Amino acid sequence: MEKIFLNKKILLTRSLKESKEFKKLLLKANFPGKVIIFPLLEIQYLEPKLELENYDVLIATSLHALKKYKNLLTNSNLNVFSVGKRTNDFLEKQGVNKLFNYKKVSDLLLSLEKFLEAKNFKTIYLRGNNISLDIKSYLKTLGHEIDEKIVYKQKMKKALREVEKIINDKNLIGVALFSEKSVEFLRKNCSNIPLDKTFFCFSEKIEKKVKYLISEHTKCVTSSSPIIEQMVETISKKFTKIVT
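Residues numbered from 1 in each chain as written. Predicted model: local features only at pLDDT ≥ 70, side-chain atom pairs only at ≥ 80, totals over all residues. Heavy atoms only, no water.

This part covers the sheet that holds strand β9 (residues 172-177). Spatial strand order, β2-β1-β9-β10-β11: five strands in an open sheet with parallel pairing. The open sheet has two free edges, formed respectively by β2 (34-37) and β11 (219-222), since each of these has just one partner strand. Averaged over all pairs of adjacent strands, the angle between their axes in this sheet comes to 25 degrees, without regard to strand direction. Relative to β11, strand β10 (residues 198-201) is paired through four bridges, and the arrangement is parallel. Residue Thr198 lies in a different strand from β11, and its bridge partner there is Lys219. Each of β1 (9-12) and β2 is contacted by helix α1 (residues 16-28), which is oriented at about 170 degrees to β2, the strand it contacts most. Sheet strands touched by helix α8 (residues 204-213): β9, β10 and β11. Its angle to β11, the strand with the most contacts, is close to 175 degrees. (Pairing = 2+ DSSP bridges. Helix = DSSP H or I, 4+ residues; strand = E, 2+ residues; numbered from the N terminus. Axes fitted to C-alpha atoms, helices over the stretch in contact; angles between N-to-C directions. Contact = heavy atoms within 4.5 Å.)

Before going further, it helps to spend a moment on the sheet that holds strand β6 (residues 98-102). Spatially, β3-β8-β7-β4-β5-β6 is the arrangement adopted by the six strands of the open sheet, whose pairing is mixed. Edge positions in the open sheet fall to β3 (41-45) and β6, since each of these has one partner strand only. This sheet shows a mean twist of 20 degrees between the axes of neighbouring strands, independent of strand direction. With five bridges joining them, strand β5 (residues 79-83) and β6 adopt parallel strand pairing. The residue of β6 that forms the bridge with Phe81 is Phe100. Most of the contacts of helix α7 (residues 180-189) go to strand β8 (residues 147-156), to which it runs at about 25 degrees, and overall it touches β3 and β8.

A few words now on the state of the cysteines. Under the criterion given, the structure shown has zero disulfides. Left without a disulfide partner, Cys190 is nearest to the cysteine sulfur of Cys220, which lies 15 Å away. (Disulfide = S-S within 2.5 Å.)

The next point concerns a positive patch on the surface. Together, Lys17, Lys68, Lys70 and Lys93 line one region of the surface with positive charge. In this structure, Lys93 sits in helix α3 (residues 85-93). A relative accessible area of 72% places Lys93 in the exposed class. (Patch = residues over 30% accessible without salt bridge, like charges linked within 9 Å, V, L, I, M, F, W, Y side chains within 5 Å. Areas by Shrake-Rupley, 256 points an atom, 1.4 Å probe, with all protein chains shown as cover. Salt bridge = Lys/Arg side-chain N within 4 Å of Asp/Glu carboxyl O. Lys, Arg positive; Asp, Glu negative; His and termini not counted. Charge placed at Lys NZ, Arg CZ, Asp CG, Glu CD. Buried < 20%, exposed > 50% of the residue type's maximum accessible area, 1.4 Å probe, protein only.)

Here we come to unusual backbone geometry. A positive phi is found at Asn30, a non-glycine position, where the angle reads about 65 degrees. Among the secondary structure elements, Asn30 is positioned in the loop between α1 and β2. Assessed through its relative accessible area of 65%, Asn30 is described here as exposed. Despite not being glycine, Asn75 has its phi angle at roughly 55 degrees, a positive value. With respect to the helices, strands and loops of the structure, Asn75 is situated in the loop between α2 (70-73) and β5.

Position of Asn129 among the secondary structure elements: in the loop between β7 (123-128) and α5 (135-141). Sequence separation of Asn129 and Lys149 is 20 residues, and the distance between their C-alpha atoms is 9.4 Å. For Asn129, the residues in contact, after removing those within four places along its chain, are Ile150, Tyr152, Lys153 and Gln154. Among the polar contacts made by the side chain of Asn129, one reaches the main-chain amide nitrogen of Gln154 at a distance of 3.0 Å. (Polar contact = N/O pair within 3.5 Å; in protein donor to acceptor, adjacent residues only side chain to side chain.)

Here we take up the environment of Thr74. Structurally, Thr74 is set in the loop between α2 and β5. Since its relative accessible area comes to 38%, Thr74 is described here as partly exposed. For the pair Thr74 and Leu139, spaced 65 residues apart in sequence, the C-alpha to C-alpha distance is 27 Å. Among the polar contacts made by the side chain of Thr74, one reaches the main-chain carbonyl oxygen of Lys70 at a distance of 2.8 Å.

Structure, rendered in structure tokens:
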């Protein structure tokens, strides 16, 4: 069985640090293939001034939204609604007392709706420049006005010839995509993207972007929820079936 996976590869496209962390999770989940890391995007932290003491509730669906605000979060009494284990671990480490953590954004929203209905809490949403769901607009339809701040953005790396070489490697079975911007990068920098690759997508919006920009015939496997642990599980299970 191990010979089947010899040199069969998957490409990780997140930042170097995030990809290394994701690789560790894949190996822990007994991923049988070879992991290639080639970041397509860079994270730029904007660090706008925040006065979190003026708010009752903080929403964060990404760890990047919180990384530069450790001091403001230390021993905070904010009611923090977040998604994903890594985000929760980070908040616990800062000593945040009132944590509401969920596996899915949809679960967070269901809980948050009930929470905001009970009292008129002042709420802020910290996010990146690219989002899968516009939480502020969604809550507005339910009668809840919240503030939001874009605290980081994703930037495309400068075009490199290496990425086309990697994409066209016959032993590359899959590509893990965590952002719509990554899809745009591939389309911009690769003149040929073979249809024998499987794209593992972090969300349905990313899958739609792949089908639109690359080809409607592109093979996609999409995580059931946009959280890292679920993406690891999806890749680990599906990669084996694809190769065999």
